[in-house]
Amino acid sequence: MPRVLEPARGRADTFPAGTSTPAGTSTRRQPVLGANRTVLLSALLVVAVAALCAVATAPSSARVSVGVAVLVGLAAAAVIVVLAIRQADGTARLVERLAALDALTERRAAGLAQLADDTLPKIVAQLRDGVSAEEAMAGGPPPADPAEQRILRTLAEEVGRGERMRAAAMAACANAAGRVQALATSMLADLRDMEDRHSEEVLGDLLRLDHSVSQAGRLADSIAVLTGARSGRRWTKPIVMESILRGALGRISAYQRVRLHSTSTAAVAGYAAEGVMHALAELMDNATSFSPPSEEVHVYVEEVQAGLVVTVEDGGLVMGPAALRRAERAVSAEALDLTTLSGTRLGLAVVGVLARKYGLTVSFRPSSRGGTGVIVIIPRQLITQPRPDGAPLPGAHVTAAPGVPAGGRGGRQAVAERPGEPAPAAPPSRDAAHPAGTPEPLPKRGRGETLAGAARAAALATSPGGPPAGQDGRPAAPAVSPGERFGAFQQSRARARSGETGPTGSAGQQPAGDTDAAGAADAINATDSREAAP
Amino acid sequence: MTRGHIDRENPDRLYTITGGRSRADADVFDLVTLVVAECDPSPGMQSEHVGILRFCRSARAVVEIAAHLRLPISVTRILLCDLLDAGRIVVRQPARSAPRRSAVELPYAHPELLREVLVGLRRL
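Residues numbered from 1 in each chain as written. Chains lettered and ligands numbered in written order. Predicted model: local features only at pLDDT ≥ 70, side-chain atom pairs only at ≥ 80, totals over all residues. Heavy atoms only, no water.

## Details of the overall build of chain A
In terms of helices and strands, chain A carries 16 helices and 8 strands. Every one of the 534 residues in chain A was classed for burial, and the buried ones make up 41%. Long-range contacts, defined here as pairs at least 24 residues apart, represent 70% of the contacts in chain A between residues at least 6 apart. Of the accessible surface of chain A, which amounts to about 27900 Å², a share of 62% is contributed by carbon and sulfur atoms. (Helix = DSSP H or I, 4+ residues; strand = E, 2+ residues; numbered from the N terminus. Buried < 20%, exposed > 50% of the residue type's maximum accessible area, 1.4 Å probe, protein only. Contact = heavy atoms within 4.5 Å. Areas by Shrake-Rupley, 256 points an atom, 1.4 Å probe, with all protein chains shown as cover.)

## Some remarks on the overall build of chain B
Counting secondary structure elements, chain B contains 6 helices and 3 strands. Mapped in sequence order, the helices and strands of chain B form the string α-α-β-α-β-α-α-β-α. Here chain B holds 124 residues, and 56% of them are scored as buried. Looking at chain B alone, contacts between residues at least 24 apart form 65% of all its contacts between residues at least 6 apart. Accessible area for chain B stands at about 5800 Å²; split by element, carbon and sulfur atoms hold 56% of it.

## Describing the sheet that holds strand β1 (residues 34–37) of chain B
All names here are of chain B. Pairing in this open sheet of 3 strands is antiparallel, and the strands run β2-β1-β3 from one edge to the other. In the strand order of this sheet, the two ends are held by β2 (60–61) and β3 (89–92), each with one partner. Of the pairings in the sheet, the one linking β1 to β3 comprises 4 bridges and is antiparallel in character. If you follow Ala37 over to β3, its bridge partner there is Ile89. (Pairing = 2+ DSSP bridges.)

## What about helix α8 (residues 270–289) of chain A?
The end-to-end C-alpha distance of α8(A) is 29 Å, a good match for the 28 Å that 20 residues give at a rise of 1.5 Å each. For α8(A), the tally of buried residues reaches 17 of 20 residues, placing the bulk of the element in the interior. (Expected span 1.5 Å × (residues − 1).)

## Comments concerning the pairing of β1(B)
All names here are of chain B. Where burial is concerned, the two faces of β1 agree: the one with Leu34 and Val36 and the one with Val35 and Ala37 are both buried. Inspection of the sheet shows β1 paired to β2 by 2 bridges, in the antiparallel sense. Within the sheet, the bridge partner assigned to Val35 lies in β2 and is Arg60.

And the structure:
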């Protein structure tokens with residue numbers, strides 16, 4: 001039957017050419033129809049001739065009746081033939097239309113495929129890049145079909161509007177966050193001013209306010225980071241690690257549960273300090289919120305070749321594999337996908353953005369304390385030594401003798417006990433601060449102190465008896481300063497007064513001579529470690 | 001608040017320095033209480049404690065220490081209390097015989113001396 005075959009042939013013929021019309025297919029099909037018609041007509045003719053012959057040969061008595069019968073039969077046959085021919089014509093027209101529709105469908109399908117696979121993705125990509133809907137539409141050839149054009153236009157407009165809305169919402173959020181940041185910063189400065197001015201009665205309340213404002217500031221910082229705005233403050237000087245950790249600590253609610261263990265004297269470059277602090281604050285906040293309130297969170301700092309390693313360990317829940325994967329993905333190198341944000345858990349997304357911005361490496365592992373440990377590596381490029389002429393940091397004279405265990409404060413001994421901790425690489429400027437040939441018991445010149453001030457302090461420490469500092473191979477005994485003598489006097493007086501034990505420990509009860517010895521031993525220890533360090 | 005003030009600040013907030021305390025446990029420290037370090041700072045100590053120990057190698061008054069650390073007096077007192085509890089400093093009340101009431105009894109606060117100081121100051 002041609003009806004089955006024709007569409008297939010028609011498709012094969014018309015589709016690649018793309019120009020064929022229904023007229024073309026009908027001319028091609030015409031001979032078939034004509035042959036059918038000829039066959040039918042000639043059959044009718046043959047039948048008619050045969051009938052006439054039959055009429056002619058019939059006996060005359062029956063001729064009339066035979067003639068009538070033949071006429072009737074011929075008429076019927078003619079009617080049938082005419083009907084058949086018309087039927088065949090109708091069928092042929094149907095076949096033609098079907099073929100035409102098939103071709104149309106094919107063209108539409110091809111057009112749709114192009115729209116879906118090529119045009120639309122291109123336009124959407126352009127719209128995501130901020131191109132307006134009209135420009136994006138004008139960029140490529142428009143689809144031939146008007147309906148497709150309408151679809152494309154509607155879609156482009158909708159996506160464009162969505163994109164504009166997203167951008168506007170982000171900008172509004174960023175702007176609002178920036179304002180809150182500025183407010184928080186100035187409030188913190190004001191509060192600090194008030195804390196200086198007001199007495200103890202008000203201080204507690206001021207500190208509470210200070211804490212709340214700090215947390216609000218962190219929230220604003222988080223929103224600013226997620227919306228791609230610049231983070232809160234710019235520090236104009238390198239910030240020492242202790243301040244970084246405490247700055248991070250001050251921004252979380254349960255800061256009293258966090259224990260810091262750091263002997264590092266390194267500082268983080270000013271431009272990155274805020275980001276590092278913020279990332280650490282988010283991690284510490286996670287650690288405190290995902291561990292029971294009775295557990296402490298421990299933060300360790302160690303200096304390695306790659307930079308500074310900060311470990312935040314909690315004793316809370318161990319992260320499941322799924323949570324671990326999510327966390328790793330959040331802080332991985334992939335760009336932030338806003339759709340992965342859940343309303344309440346912004347912390348890791350913020351850490352991820354900050355880590356990508358400053359090149360921090362963040363990884364997770366089960367903690368030896370039973371909870372989760374987060375390891376942050378601050379790259380070496382961000383680590384500096386604070387400028388000597390920077391604002392004096394109160395008491396930044398940490399003597400980083402790594403081998404000497406911290407005495408007195410039990411919590412801080414953990415630093416020295418950590419296995420595999422390399423001796424913190426002595427930064428070059430620290431050696432520069434102690435000129436050769438002055439193996440003093442302790443670094444005399446702290447950051448922010450002038451050399452003259454340091455020399456004065458040294459002279460003060462050694463003048464009453466010992467040789468001047470810097471000339472002697474042996475460390476000058478600090479205990480002979482007037483202060484130490486007074487201390488010894490005070491102790492002896494305390495001892496004389498009925499052996500009152502008091503809070504002063506065994507070190508405080510030693511006579512002056514023993515104190516000297518202890519000081520010298522400490523000094524030697526410190527000197528040894530310093531020599532071993534570089 | 002001036003911009004300069006903000007720039008001069010450190011990220012540390014006072015409550016992180018005191019661990020959340022706003023009041024010293026003991027009422028030992030006066031503004032003029034003299035403090036002397038008993039030992040040298042050890043690694044891992046809070047930098048403020050290190051600063052106090054280094055600054056107080058000779059006897060220093062609490063108010064001096066606070067000025068040196070640029071911290072409020074109350075915060076300085078808390079830090080000093082920590083050090084006192086750990087036995088790292090000793091304390092001398094300048095007027096232990098008559099605490100707080102009469103600074104006049106101090107040898108260096110004699111009225112004659114004070115008057116001379118006043119005269120000297122006026123001359124400046």
